[in-house]
Amino acid sequence: MPTNKSVSDAPITQFINCRILRDHRLQREDLWVREGMILDPEKLFFDEQGYADKHVDCGGSIIAPGFIDVQINGGYGIDFSQASEDISSGITFVAKKILEHGVTSFCPTLVTSPPSVYHKVLPQVKVHNGGRHGAGVLGFHLEGPFISVEKKGAHPERYLRTFNSGGIEDVMVAYGSLDNVAMVTLAPELSNSQSVVKELCQRGITVSLGHSVANLSQAEEAVQHGASFITHLFNAMLPFHHRDPGIVGLLTSDQIPAGRTVYYGMIADGIHTNPAALRIAHRAHPSGLVLVTDAITAMGLPPGRHTLGQQVIEIQGFHAYVAGTKTLCGSIATMDTCVRHFKEASGCSVEEALEAASLHPAQFLGISQRKGNLDYGSDADLIQLDDALTVKATYISGEEVWRKGL
Ligand SMILES: [Zn+2]
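Criteria and thresholds
- Within any chain, residue numbers begin from 1 and follow the written order of that chain's sequence.
- Given that this is a predicted model, residues contribute local features only at a pLDDT of at least 70 and side-chain atom pairs are listed and counted only at 80 or more, while totals for whole chains, interfaces and linings are drawn from all residues.
- Here the side-chain values reflect all heavy atoms present in the structure, with hydrogen atoms and water set aside.
- Using a 1.4 Å probe on the protein chains alone, a residue whose accessible area is under 20% of its type maximum counts as buried, one over 50% counts as exposed, and one in between counts as partly exposed.
- Put simply, DSSP marks the helices as runs of H or I at least four residues long and the strands as runs of E at least two long, and each gets a number from the N terminus on.
- Whether two strands pair depends on DSSP finding at least two bridges between them.
- UniProt positions are given in the numbering used here, feature names are shortened, and annotations may be inferred rather than shown by experiment.
- In this analysis a donor is any N, O or S atom within 2.8 Å of a metal ion (3.2 Å for sodium, potassium and calcium), and since water is not included, sites may seem incomplete.
- The convention used is that axes are lines fitted to C-alpha atoms, helices contributing only their stretch in contact, and that angles between N-to-C directions extend from 0 to 180 degrees.

Q: Got a sec to walk through the pairing of strand β22 (residues 382-385)? Specific residues and values, please.
A: Side chains of β22 alternate between two faces, with L382 and Q384 and I383 and L385 buried alike. Judged from the four bridges that link them, strand β7 (residues 62-65) and β22 form a sheet pairing that is antiparallel. Its bridge partner being in β22, I62 is matched across the sheet by L385. Summarising the sheet, β22 and strand β23 (residues 391-396) pair through four bridges and their orientation is antiparallel. Considered in β23, the bridge of I383 is made with T394. Counted along the chain from β22 to the antiparallel partner β23, the turn is five residues long, and its residue L389 has a positive phi close to 65°.

Q: Explain the UniProt feature "domain: Amidohydrolase-related" (unreviewed entry) in the protein to me, and be specific about the residues and the numbers.
A: Under the local residue numbering, the UniProt record ascribes the feature "domain: Amidohydrolase-related" (unreviewed entry) to residues 62-401. Helix makes up 24% of residues 62-401 and strand makes up 23%, while its end C-alpha atoms are separated by 17 Å.

Q: Can you explain the coordination of the zinc ion? Please cite residues and give values.
A: Taken together, the protein ligands of the zinc ion are E143 (OE), H211 (NE2) and H232 (NE2), with distances of 2.0 to 2.2 Å. Sequence spacing of the donor residues for the zinc ion, all on one chain, is E-x67-H-x20-H. Of this pair, H211 sits in the loop between β15 (206-209) and α6 (216-224) while H232 sits in the loop between β16 (229-230) and β17 (263-267), placing them 21 residues apart in sequence. Judged on exposure class, the residue H211 and its partner H232 are both buried.

Q: So, the sheet that holds β7: which residues are in play, and what are the values?
A: Within the open sheet, the six strands sit side by side as β3-β2-β7-β22-β23-β24. Their pairing is mixed. The open sheet terminates on both sides in strands that have one partner only, identified here as β3 (25-28) and β24 (399-403). Across the sheet, the mean angle from the axis of one strand to that of its neighbour is 30°, orientation sign disregarded. Of the pairings in the sheet, the one linking strand β2 (residues 19-22) to β3 comprises four bridges and is antiparallel in character. Looking at β3, one finds that R22 is bridged to R25.

Below you can see the structure in the form of structure tokens.
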């Protein structure tokens, strides 16, 4: 009697000798993969008697969902915001390099730029799955230009914009189109911003609040209109004040609509956020914490001096300085470093540290039915790690795309 092959004839891979992160805890179980997706072994035994075509012995490693970086400006000498002529090869280059840091998908991030850059760049890089060529692109994160002059940080002031003509029209004039856009960071105190928040959310784009001087009620109003994320919490916003805690107050607000969660990005590189601030955020609202690298051009470059565009920088350890000074010029931490640092600084569990870089970003982007977890039916984007959370190997759609030492 032939086995029931009605589901698929595709080969099956069985990851053995591992602890897999599922349902918020590490479990001693095997992981089964077919056609790039995670299989329910019970169905497999029933349908096909459970014969795997290939075994991968994980040597006792942890298997976790691949990391998702929703804020990365570039790396390895490439600045996405400066690469408008050939952005797709820049993104492809970085996408391949970040596999070794366990990142299986990401949102290339553009800082405030003139309309000509968005018009040229957004149609060029389509949302696509990862593979041997590199981590998958989930869509752009557009940080600006609708942000506060007072909290512009490193964004060029001359390109900042407002919603003067009434809202979404201004968005379309600036960006040209919303194709291949996953998320937009804006300042909710700008006039007409609330209608923009609503319209973007209706179009399936995540709205994030940041680079802003908004008070708490402005931030809450934006959340009620659909905003669901806070860009690099604490950085480029009003500092916490007990009578008006500003955007930071969203972490403990009682004005969040039922069933909704506000997520927030944290740069856990040990430099941009003090460990005590990281602990405050984590203890107040652990399920919303999302690790981001906010990495700049210098991420991945060796220590020493580098010329990047108009700037000469010097890398020492995890710090990137304007050469000859002690002025920090952005984050150069990789995602796996942030995961390890977050765990150490917050005292959280291994599971929590891993989910902050996988499950949580997938949840707020609305893709957790296929990414950010190892549930049955999800994409087999996964990483093997040792107990110190060092990445040993990276898989996308069940295929090994990077392995340490190879
Ligand atoms: Zn920023």
